[in-house]
Amino acid sequence: MDLSTLHALSATDAARLIREGVISSEQYVQACLARVRETDARIEAWTFLDPDYALSQARAADGRRLSGQAIGPLHGVPIGIKDIIESADMPTENGSPLHAGRTPSRDAAVVTLLRGAGAVIMGKTVTTEFACGASGKTRNPHNAEYSPGGSSSGSAAAVAVGMVPLALGSQTGGSTVRPASYCGVYGLKPTRGLIPRRGMSRVAQTLDTVGLFARTIDDVALLLESCVAYDEGELESTPRAHAPYRALAAEDVPMPPTLGVVKTPHWDRMDADAKDAFAKLVARLGDRVEEVELPGAIEQAWESHALIMEAEVAVNLAREWDKGRARLSERLRSRIERGRAHPAARYLEALAQIPRLNDGFAELFEHKYDALLTPAATGVAPKGLASTGDPVFCSLWTLCGLPALSVPLMTGGNGLPLGAQLVGSRHGDGRLLRTARWLVDTLRRA
């Protein structure tokens with residue numbers, strides 16, 4: 001086996017080869033670190049990475065396997081962690097100079113789950129400021145003159161270029177789906193509450209969701225299966241039977257799915273070349289798709305999303321506002337100021353819209369559609385690092401807590417990646433992955 005190309009292995013294949021003793025975790029992590037050395041000066045995906053510590057974790061994983069101890073589904077596989085998710089052995093700085101050098105005393109719940117599954121925590125990936133403010137340093141791996149998206153900038157870029165096969169991000173607006181689209185990888189925002197958020201910096205607790213990045217559907221399913229857990233401290237976390245996401249994603253569909261194409265009231269914000277690429281995608285699917293007209297009242301959803309996010313950001317960053325507002329970006333200061341001004345009655349009205357919206361979407365999924373199909377972003381990545389892009393095609397699904405997956409299926413006029421977004425029913429994450437596999441296979445055959 002050519003060790004120089006090990007970094008290109010999927011997590012699924014690497015875990016199997018490590019389990020079978022064909023390669024070691026140390027070899028795989030060394031290959032990923034070599035890829036970091038080769039590419040990260042251009043991309044800058046990491047805010048903290050200690051190669052020696054990553055290798056020591058890999059050697060320990062190899063030792064456990066050789067001693068006959070039980071190993072988990074991610075045994076010896078490296079993963080990047082967005083720098084708003086706490087880890088007791090590395091800094092968690094939330095993309096802000098106000099938290100420089102901050103090292104938590106314990107792991108976030110999802111990091112504990114990953115360690116239990118055998119993963120090697122490679123390092124911390126770049127986030128925008130508090131996952132909702134100024135852009136970070138990361139550049140798009142396909143063209144360094146363009147944004148990788150945000151706020152999970154480093155996670156999407158690191159997976160896209162092969163520095164790690166998997167990474168964690170988060171989504172409060174479009175912070176997983178949009179960078180996945182721009183970087184040409186899979187990005188899953190699972191059902192809200194499915195993955196515990198304890199130990200993840202709060203942006204807006206009504207909306208925050210742990211996000212997943214990978215280069216294959218199998219790897220998305222593997223990572224999801226390793227991260228799901230009930231957390232009694234989580235408002236939306238409920239005890240559920242543990243779904244076999246890998247098996248569900250690998251199944252053949254029982255019948256050809258029907259997809260509802262959703263343009264939303266914001267279709268005019270989409271770039272012309274992206275509209276053209278999406279129209280060609282829909283045309284290739286023929287009678288398996290039909291356009292869905294959402295009711296007029298849906299237009300309030302984007303205003304509700306913005307109001308909830310701004311109000312909760314203002315509360316969650318109150319200490320930073322009081323003690324260090326001069327070191328916050330103008331973008332974040334403006335967001336906090338708007339949040340502080342929102343009346344309580346409007347905030348409560350916005351919250352009350354969520355269950356009403358979900359009742360309507362439940363009807364669509366139960367009686368008509370396997371998934372909804374919509375663009376993941378308004379176009380390809382914007383040029384420069386001033387903006388991480390427009391989340392308008394993600395906000396509705398984030399507000400409702402529905403699972404959404406960016407699938408790398410299209411390209412823009414300049415050749416940069418553009419994702420199609422599949423949206424599923426609440427807790428229908430496995431079915432969504434199965435539908436995504438059908439979609440990819442169908443287009444490949446067409």
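Asker: Is there a simple way to think about the overall build of the protein in this case?
Answerer: Scanning the protein from N- to C-terminus turns up 15 helices and 11 strands. Taken against the 2.2 N^0.38 rule, which gives 22 Å for 446 residues, the C-alpha radius of gyration of the protein at 21 Å falls within 12% of a compact globule. C-alpha atoms of the protein, sized along the principal axes, occupy 60 × 55 × 45 Å. Across the 446 residues that make up the protein, the buried fraction comes to 59%. The long-range share in the protein, meaning contacts at least 24 apart out of those at least 6 apart in sequence, stands at 76%. Where the 49 positive side-chain charges of the protein centre and where its 51 negative ones centre are 2 Å apart.

Asker: Sorry if this is basic, but what is going on with the side chain of Thr-374 here?
Answerer: Mapping Thr-374 onto the fold places it in strand β9 (residues 371-375). Its relative accessible area of 1% is what places Thr-374 among the buried residues. In this structure the side chain of Thr-374 is engaged in a polar contact, spanning 2.8 Å, whose partner is the backbone oxygen of Val-262.

Asker: Can you walk me through helix α2 (residues 25-43) in this structure?
Answerer: The periodicity of an α-helix, 3.6 residues per turn, causes residues three or four places apart in sequence to face the same way. Of all the bends in α2, the greatest, near 40°, is centred on Arg-37. The set of residues buried in α2 consists of Ser-25, Tyr-28, Val-29, Ala-31, Cys-32, Leu-33, Arg-35, Val-36, Thr-39, Asp-40 and Ile-43. Buried residues in α2 make contact with α1 (11-20), β1 (46-49), α3 (51-66), β2 (78-82), β3 (120-125) and α5 (153-161). Following α2 by one or two positions, Glu-44 adopts a phi angle in the positive range, close to 55°.

Asker: How do you make sense of unusual backbone geometry when you look at a structure like this?
Answerer: As a rule of thumb, non-glycine residues mostly have phi less than zero, and peptide bonds are mostly trans rather than cis. Following Gly-150, the chain continues to Ser-151 via a peptide bond in cis, the omega torsion being 10°. Mapped onto the secondary structure, Ser-151 falls in the loop between β3 and α5. Unusually for a residue other than glycine, Asn-94 sits at a positive phi of about 55°. In this structure, Asn-94 sits in the loop between β2 and α4 (109-116). Backbone geometry at Phe-130 places phi at a positive 50°, although glycine is not the residue there.

Asker: Just checking my understanding: could you explain the packing of helix α9 (residues 272-285) against helix α15 (residues 429-445) for this structure?
Answerer: When two helices pack together, their arrangement is given by the angle between their axes and by how far apart the axes lie. Relative to each other, α9 and α15 sit at 85°, their axes nearing to 10 Å. The angle between the axes of α9 and α15 places the two elements in the roughly perpendicular class. Facing Leu-281, Arg-284 and Leu-285 of α9, the residues of α15 in contact are Trp-438, Leu-439, Thr-442 and Leu-443. Of the residues belonging to the contact of α9 with α15, the class tally is 5 nonpolar, 1 polar and 1 charged.

Asker: What is the right way to look at the sheet that holds β9 in this model?
Answerer: Within a sheet, adjacent strands bond to each other through the backbone by hydrogen bonds, running parallel or antiparallel. As summarised here, the arrangement of the 11 strands in space is β1-β3-β2-β4-β6-β5-β10-β11-β9-β7-β8, forming an open sheet in which the pairing is mixed. The sheet is open, and its two borders are formed by β1 and β8 (289-291), each paired with just one other strand. This sheet shows a mean twist of 30° between the axes of neighbouring strands, independent of strand direction. Here α2 sits on the sheet in contact with β1, β2 and β3, set at roughly 20° to β3.

Asker: Mind showing me how you'd approach the pairing of β3 here?
Answerer: Remember that side chains alternate between the two faces of the sheet whenever the strand is regular. The element β3 is largely enclosed, with a buried count of 6 among its 6 residues. As defined by bridge partners, β1 adjoins β3 across 3 bridges and the pair is classed as antiparallel. What sits directly across from Leu-49, in β3, is Gly-123. Where β2 and β3 come together, 5 bridges link them in parallel fashion. From the neighbouring strand, Pro-78 faces β3, where its bridge partner is Val-120. Considered for its hand, the β-α-β crossover made up of β2, α4 and β3 is right-handed.

Asker: Teacher, can you tell me more about the pattern of salt bridges here?
Answerer: Between side chains of opposite charge, a pair can form as their charged atoms come close. Under the defined criterion, the tally for this structure stands at 25 salt bridges. A salt bridge links Glu-26 to Arg-59; its shortest N-O distance comes to 3.1 Å. Taken together, the residues Glu-26 in helix α2 and Arg-59 in helix α3 connect sequence positions 33 residues apart. Residue Glu-26 is classed as partly exposed on the basis of its relative accessible area of 22%. Across the pair Arg-444 and Asp-441 runs a salt bridge, and its minimum N-O distance is 3.0 Å.

Asker: Explanation requested: the nonpolar core in the structure shown.
Answerer: Within soluble globular proteins, side chains that are nonpolar tend to cluster in buried spots. Ranked by size, the top nonpolar core spans 135 residues in total, and within it Leu-114, Leu-168, Phe-361 and Leu-396 carry the most contacts. In this structure, Tyr-146, Tyr-182, Val-380 and Ala-381 belong to the second largest nonpolar core, which totals 6 residues.

Asker: What's the story with helix α10 (residues 300-316) in this structure? I'm lost.
Answerer: The terminal C-alpha atoms of α10, which comprises 17 residues, lie 24 Å apart, in line with the 24 Å expected from a rise of 1.5 Å per residue. Most of α10 is tucked away: 12 of the 17 residues are buried. What α10 keeps buried is the set Ala-301, Trp-302, Ser-304, His-305, Leu-307, Ile-308, Met-309, Glu-310, Ala-311, Glu-312, Val-313 and Ala-314. The elements touched by buried residues of α10 are α11 (318-324), α12 (330-341), α13 (344-367) and α14 (395-400).

Asker: How do you make sense of the packing of aromatic side chains when you look at a structure like this?
Answerer: Aromatic ring pairs are defined here through the distance separating the ring centres and the angle between the ring planes. Scanning the entire structure with this criterion turns up 3 aromatic pairs. Seen in terms of ring centroids, Trp-267 and Phe-393 are 6.1 Å apart; in terms of plane orientation they differ by 70°. Their pairing is edge-to-face. In this pair, Trp-267 sits in the loop between β7 (259-261) and α9 while Phe-393 sits in the loop between β9 and α14, placing the two residues 126 residues apart along the sequence. An aromatic cluster is built from Trp-267, Phe-278 and Phe-393, whose rings are joined through pairwise contacts.

Asker: Explain the state of the cysteines to me, please; I cannot follow it from the model alone.
Answerer: What makes a disulfide is a covalent bond joining the sulfur atoms belonging to two cysteines. Inspection of the entire model under this criterion finds 0 disulfides. In this model Cys-32 remains outside any disulfide bridge; the closest cysteine sulfur is found in Cys-183, 17 Å from its own. By relative accessible area, which is 0% here, Cys-32 ends up buried. Cysteine Cys-183 is unpaired, with the sulfur of Cys-394 as its nearest cysteine sulfur at 13 Å. We classify Cys-183 as buried; its relative accessible area is 1%.

About the cut-offs
Residues numbered from 1 in each chain as written. Predicted model: local features only at pLDDT ≥ 70, side-chain atom pairs only at ≥ 80, totals over all residues. Heavy atoms only, no water. Helix = DSSP H or I, 4+ residues; strand = E, 2+ residues; numbered from the N terminus. Rg over C-alpha atoms; globule rule 2.2 N^0.38 Å. Buried < 20%, exposed > 50% of the residue type's maximum accessible area, 1.4 Å probe, protein only. Contact = heavy atoms within 4.5 Å. Lys, Arg positive; Asp, Glu negative; His and termini not counted. Charge placed at Lys NZ, Arg CZ, Asp CG, Glu CD. Polar contact = N/O pair within 3.5 Å; in protein donor to acceptor, adjacent residues only side chain to side chain. Bend = angle between axes of the 7 residues up to and from the residue. Axes fitted to C-alpha atoms, helices over the stretch in contact; angles between N-to-C directions. Parallel < 35°, antiparallel > 145°, perpendicular 65-115°, else oblique. Nonpolar A, V, L, I, M, F, W, Y, C, P; charged D, E, K, R; others polar. Pairing = 2+ DSSP bridges. Right-handed = clockwise from strand over helix to strand, strands pointing away. Salt bridge = Lys/Arg side-chain N within 4 Å of Asp/Glu carboxyl O. Core = buried A, V, L, I, M, F, W, Y, C linked by side-chain atoms within 4.5 Å. Expected span 1.5 Å × (residues − 1). Phe/Tyr/Trp six-rings, centres within 6.5 Å; stacked < 30°, edge-to-face > 60°. Disulfide = S-S within 2.5 Å.

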